[in-house]
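Each chain, written out:
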Amino acid sequence: MVIVVMSLLVFFGVNVIGNPIDILINPEFDQEEMERAIKALGLDLPIWQQYLVFVKNAFNGDLGKSFVYGMPALQLIVQRMPATLELALTALLMAVVFGIPLGMWAGLRPDSVAGRTIMSGSILGFSLPTFWVGIMMIMIFAVMLGWLPATGRGETVALFGVQVSFLTKDGLAHMLMPAFNLGLLKLSLVIRLARAGTREAMLQDYVKFARAKGLSTWRVVMVHILKNILIPVVTVLGLEFGNLIAFSVVTETVFAWPGMGKLIIDSIQLLDRPIIVAYLLIIVFMFIAINLVVDVLYSVLDPRVRLQDVKA
Amino acid sequence: MRKITLGMLGAVVAVSLASGAWAAELRVGLALEPSSIDPHYHNLSPNNAFARHLFDRLVQTDDKQRLGPGLAVSWRTLDDTTWEFKLREGVKWHDGSPFTADDVLFTFERAPNVESSPSSFGTYTKGKTLTKIDDFTIQIKTERPHPLMPNDVATVNIISKKHGQGAKTGDYNSGKAAIGTGPYKFVEWMPGDRLIIEKNADYWGEKARYDRVVFKPIKSGPARVAALLAGDVDFIDLVPTADIERLKSEPNVVLSSGVSNRVIYLHLDHDRDASPFITGTNGKNPLKDVRVRKAISKSINRAAIVEKVMEGVAIPAGQLLPDGFFGVSPNLKPEPFDLEGAKQLLADAGWGGGFGLTIHGPNDRYINDSKIALAIGQMLTRLGIDAKVETMPKSVYFRRASRGGPDKTPEFSFILVGWGAGTGEASSPLKSLLHTYDKARGFGASNRGRYSNPELDTLVEDALATVDDAQREKMLQKATEIAINDLGIIPLHYQVNTWATRKGLAYVPRTDESTVIMNVIEQ
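Rules used in this analysis
- Residues numbered from 1 in each chain as written.
- Chains lettered and ligands numbered in written order.
- Predicted model: local features only at pLDDT ≥ 70, side-chain atom pairs only at ≥ 80, totals over all residues.
- Helix = DSSP H or I, 4+ residues; strand = E, 2+ residues; numbered from the N terminus.
- Buried ≥ 20, exposed ≤ 12 C-beta atoms within 10 Å, placed from the backbone.
- Contact = placed C-beta atoms within 7 Å.
- Rg over C-alpha atoms; globule rule 2.2 N^0.38 Å.
- Nonpolar A, V, L, I, M, F, W, Y, C, P; charged D, E, K, R; others polar.
- Pairing = 2+ DSSP bridges.
- pLDDT = per-residue confidence, 0-100.
- Core = buried A, V, L, I, M, F, W, Y, C linked by C-beta atoms within 7 Å.
- Axes fitted to C-alpha atoms, helices over the stretch in contact; angles between N-to-C directions.
- Arc of directions from axis to C-beta.
- Left-handed = near helix turned anticlockwise from the far one by under 90°.
- Parallel < 35°, antiparallel > 145°, perpendicular 65-115°, else oblique.

### Structural notes on the overall build of chain A
Looking only at helices and strands, one finds 14 helices and two strands in chain A. Per-residue burial for chain A yields a buried fraction of 41% across its 312 residues. Taking as baseline every contact in chain A between residues at least 6 positions apart, the subset at least 24 positions apart corresponds to 70%.

Now the structure itself:
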């Protein structure tokens, strides 16, 4: 249902912006050639007819051929998906692995120098524009210090038929800055969530009880508090992961990372409608799938949710 | 035991010495990636520039777009409508098979018929009938005299009949059918990530300087410059004008710049009386008066635009093509800046009180386009015209500029736009921008101001049918003078393109704005 509405919106929306022919065609052509090209791309049919052709093909798994590349849109997107997924997952990992400990530290010792620094850092993290942070990192780490490569994806190896770059040292070096750039926003978010969650959990009865029982601080923190702050973190990260994938556009453009995000922004600028439509449909599908996974994770993390299901 | 160990040691040393052969590799940061390896798929600058590495054409254009022998060693006209081309012997395809006339015939059949081509090469092949005379001679016949035959033929990359038969665009992209006669061979293409080519040791012409070239598409300007500064790439193109000053003082970077065939100009509404974006005139169109147009041209300080907006990286224009191109008139110079004279002219024409005008332009097509439009707006305001400026992305702009009005006519009244003469001579802008719009005969396809001058039309049509070079040049010069003196368009400046290399290398600029590795030289 969502997918159908989405496809309708995008199809007609893109058409309102402009005609791709004007961008693709060489202006030195005469009018006859322009008409021929319009016909070749199927753009001479009225828009509702074009939509019906699209739907018919979609049921056969064919989401149309790109106007710019002439290749099937689905194939182009799937070709670049591993790069984006790799980046998004690494960004998420960084956000979680660094965010939760830092947030918990800030929550446990809110008035310490470290705690306050972490919180100010998180504010910078979500205020600074991604584009600027990316360029700054390139200037400092690649140009001035020469520690990391400036752009692109590193060497890839095939893992189960998919090209991945995190298994090579060169690949990791290339991935470090873009992943950090992409994950910075999420990192800040996780830090603040973890801090808030920790502060709240500290005041709960079960923590006081655990201390009274004589459990070590370490055990109280790692076992009891950590598990309880995970729920809001998982919820938000689930929603945000879809964002990471769909909107990695800025990071991919700055770092020339060959992923789906760069493909979509180029396609929007060139009005390559088949790719835009196919991409948005895939993204909607992914959002739906991710929400499902988050729901399942809930019941795993929170026994109360499980019990309720059992009772019902 | 010791003998075996020594033997192995010797073998290891020998192998390492042999494989230590010096492999020169060039890494390139490309601003615009080709959309396909198929040379006939899309008539687009990055595709055409890349195709030059893998393929050759019968007639090749040099850095100034002058014609020279390629896969054809000579050509001549047998009569007004027949051209004969003698082909080069001893040329081999990348797979070793010989090049013959059959490949040329196949190419001209296939080029206009590529599936889903958004902008096909059919324009250059239509109306031409090819006949094979023998393995190394062909004749091309047209219905009417066609002096631009060599220019047209220079745009079509020759593909192999053996590998091209039945091959689709996808086969070229994967490399299966990407067999050419060019100085480099195709190795690999990961779209968005890297495009790799290697040296063709059996090339018939000047051998490639590099064993391997890796193109990395880096669309973002600052990222591209950073990659060069960090040493990740050795060569980049399309250096943003804002970075040129900084790079000039950088000891490890060499800048190379050259003028292009592209003129940035203003197109005005010559056609409608009640033009939609002109206000305060009671339904009259002041742009139809040549004095008003001249006043506008005088009020534009081209030198200031070049210095401040283009940061010195442009050349003021007085006509359609820079000096040195075919058809450029020696009598036309850029209009000198004269604000007082402009105000006087405007008053003489009866518009001393001014009027309202909206300037339209793209913001992501030409170098600094929206900034130029803003500068023009300011200059017109000083003249007394109440100018507003509206810029938009090219995806929206071109459709509206060409067909956004009622009945699919041009929408705007005053636009900033550019024109690159693909054929490298003046008939290209004259035919498409200034000849009366005539859909049936294919004239004025980009004449968005609908300028119409019968004297100009006749001259242009005659020139296009005159095979004698000297005569044709005179006609083109005269036609240009008529159009410019009547201000059919107002030329602003010619674009200058900048490439940057690491120290030790330089780039020989091309006027067709192409980035071609064969032009990278050691310094």
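There is more to say after this.
### Quick look at the overall build of chain B
Helix and strand counts for chain B stand at 17 helices and 20 strands. A compact globule built from 523 residues should have a C-alpha radius of gyration of about 24 Å, and chain B, at 26 Å, falls within 12% of that. Across its three principal axes, chain B shows a C-alpha extent of roughly 105 × 55 × 40 Å. A burial count over chain B gives 50% of its 523 residues as buried.

### Examining the interface of chain A and chain B
Of the residues lining the interface, 48 residues belong to chain A; the matching set on chain B comes to 44 residues. Listing elements by their share of the side of chain A that touches chain B, those giving two or more residues are helix H2 (21-24), helix H3 (31-40), helix H5 (73-108), helix H7 (130-144), helix H11 (249-254) and helix H12 (260-269) of chain A. For the side of chain A that touches chain B, the element with the highest residue contribution is H3 of chain A, accounting for six residues. Within the side of chain A that touches chain B, the residues separate by chemical class into 27 nonpolar, eleven polar and ten charged.

### A look at the pairing of strand E8 (residues 184-190) of chain B
All names here are of chain B. Here E8 runs beside strand E9 (residues 194-199); their pairing, made up of six bridges, is antiparallel. Bridging from a neighbouring strand, Trp-189 pairs with Leu-195 of E9. As consecutive antiparallel partners, E8 and E9 are separated by three residues, and within that stretch Gly-192 has a phi angle of approximately 85 degrees, a positive value.

### Considering the pairing of strand E12 (residues 253-268) of chain B
All names here are of chain B. Where E12 and strand E18 (residues 489-502) come together, twelve bridges link them in antiparallel fashion. When the sheet's bridge partners are listed, Ile-264 is paired in E18 with His-493. Pairing of E12 with strand E17 (residues 414-420) involves seven bridges; the strand directions are antiparallel. Bridging from a neighbouring strand, Val-263 pairs with Trp-419 of E17.

### As for the confidence of the model for chain B
All names here are of chain B. Predicted confidence across chain B gives a mean pLDDT of 89, with 96% of residues reaching 70 or more. Ranking the elements of chain B by mean pLDDT puts helix H1 (residues 2-19) last with 49 and strand E11 (residues 235-236) first with 96. Note that pLDDT drops below 50 for residues 10-22; the model gives that stretch zero contacts with residues more than four away or on any other chain.

### Details of the nonpolar core
Grouped together as the largest cluster of nonpolar side chains are 104 residues, with contacts concentrated most on Val-190 of chain A together with Ala-226 and Ala-227 of chain B. Top element by residues in this core is helix H8 (residues 169-202) of chain A. It accounts for 13 residues. Once residues lying within four places of it in the same chain are set aside, the contact partners of Val-190 of chain A are Ala-95, Val-96, Gly-99, Ile-100, Gly-103 and Val-233 of chain A. Formed by 70 residues, the second largest nonpolar core is a distinct cluster that contains Val-309, Leu-346, Met-475 and Ile-489 of chain B.

### Considering the sheet that holds strand E7 (residues 137-141) of chain B
Residue and element names in this part refer to chain B. Pairing in this open sheet of four strands is antiparallel, and the strands run E4-E5-E7-E6 from one edge to the other. Taken across any chain shown, the strands that pair with only one partner, and hence form the sheet edges, are strand E4 (72-79) and strand E6 (129-134). Taken pair by pair, the neighbouring strands of this sheet meet at an average axis angle of 25 degrees, ignoring direction. In this structure, E4 lies alongside strand E5 (residues 82-87), joined through six bridges in antiparallel fashion.

### A few points about the environment of Val-239 of chain B
Residues and elements named next belong to chain B. Residue placement: Val-239 occurs in the loop between E11 and helix H9 (241-248). Counting along the chain gives 104 residues from Val-239 to Lys-343, while the straight-line C-alpha distance between them is 38 Å. Beyond its immediate stretch of four places on either side in the chain, Val-239 contacts Val-225, Ile-244, Leu-247, Leu-255, Thr-498, Trp-499 and Ala-500.

### Considering helix H14 (residues 394-403) of chain B
With seven of ten residues buried, H14 of chain B lies mostly within the body of the structure. Taken as a whole, H14 of chain B has its buried residues at Lys-394, Ser-395, Tyr-397, Phe-398, Arg-399, Ala-401 and Ser-402 of chain B.

### Points about helix H16 (residues 454-464) of chain B
Residue and element names in this part refer to chain B. When H16 is considered as a whole, its buried residues turn out to be Leu-456, Leu-459, Val-460, Ala-463 and Leu-464. Buried residues of H16 fall within an arc of 130 degrees about the axis and therefore sit on the same side. Residues of H16 that are exposed and point over 90 degrees away from its buried face: Pro-454, Glu-455 and Thr-458. Where H16 is buried, its residues touch helix H15 (427-434) and helix H17 (469-485).

### Here we look at the packing of helix H6 (residues 113-127) of chain A against H8 of chain A
Residues and elements named next belong to chain A. With their axes 8 Å apart at the nearest point, H6 and H8 run at an angle of 140 degrees to one another. Here H6 runs over H8; the crossing is left-handed. Of the residues in H8, those in contact with Ile-118, Ser-122, Gly-125 and Phe-126 of H6 are Leu-184, Leu-185, Leu-187, Ser-188, Leu-189, Ile-191 and Arg-192. Residue composition of the contact of H6 with H8, grouped by class: seven nonpolar, three polar and one charged.

### Observations regarding unusual backbone geometry
Positive phi, close to 50 degrees, is recorded for Ala-256 of chain A, a residue that is not glycine. For Ala-256 of chain A, the position within the fold is in the loop between H11 and H12. For Ala-256 of chain A, a count of 26 C-beta atoms within 10 Å puts it in the buried group. The phi torsion at Glu-513 of chain B lies on the positive side, around 65 degrees, for a residue other than glycine. Counting through the fold element by element, Glu-513 of chain B comes out in the loop between strand E19 (505-507) and strand E20 (520-522).

### Side note on the environment of Thr-515 of chain B
Its place among the elements puts Thr-515 of chain B in the loop between E19 and E20. If we ignore the near neighbours within four places in the chain, the residues touching Thr-515 of chain B are Leu-30, Ala-49, Asp-237 and Trp-499 of chain B.

### A few points about the packing of helix H10 (residues 290-299) of chain B against helix H12 (residues 339-348) of chain B
Residue and element names in this part refer to chain B. Contact geometry of H10 with H12 gives a least axis separation of 8 Å together with a crossing angle of 165 degrees. Judged by the inter-axis angle, H10 sits roughly antiparallel to H12. In this structure, H10 meets H12 at a crossing whose hand is left-handed. Mapping the contact onto sequence places Arg-291, Val-292, Lys-294, Ala-295, Lys-298 and Ser-299 in H10 and Leu-339, Gly-341, Ala-342, Leu-345, Leu-346 and Asp-348 in H12.

### Digging into the environment of Gln-319 of chain B
All names here are of chain B. For Gln-319, the position within the fold is in the loop between strand E14 (314-316) and H12. Given 26 C-beta atoms within a 10 Å radius, Gln-319 is considered buried. The spatial distance from the C-alpha of Gln-319 to the C-alpha of Leu-332 is 6.7 Å, given a sequence separation of 13 residues. Apart from the residues lying within four places of it in its own chain, the contact partners of Gln-319 are Val-328, Ser-329, Leu-332, Thr-480, Ile-484 and Pro-491.

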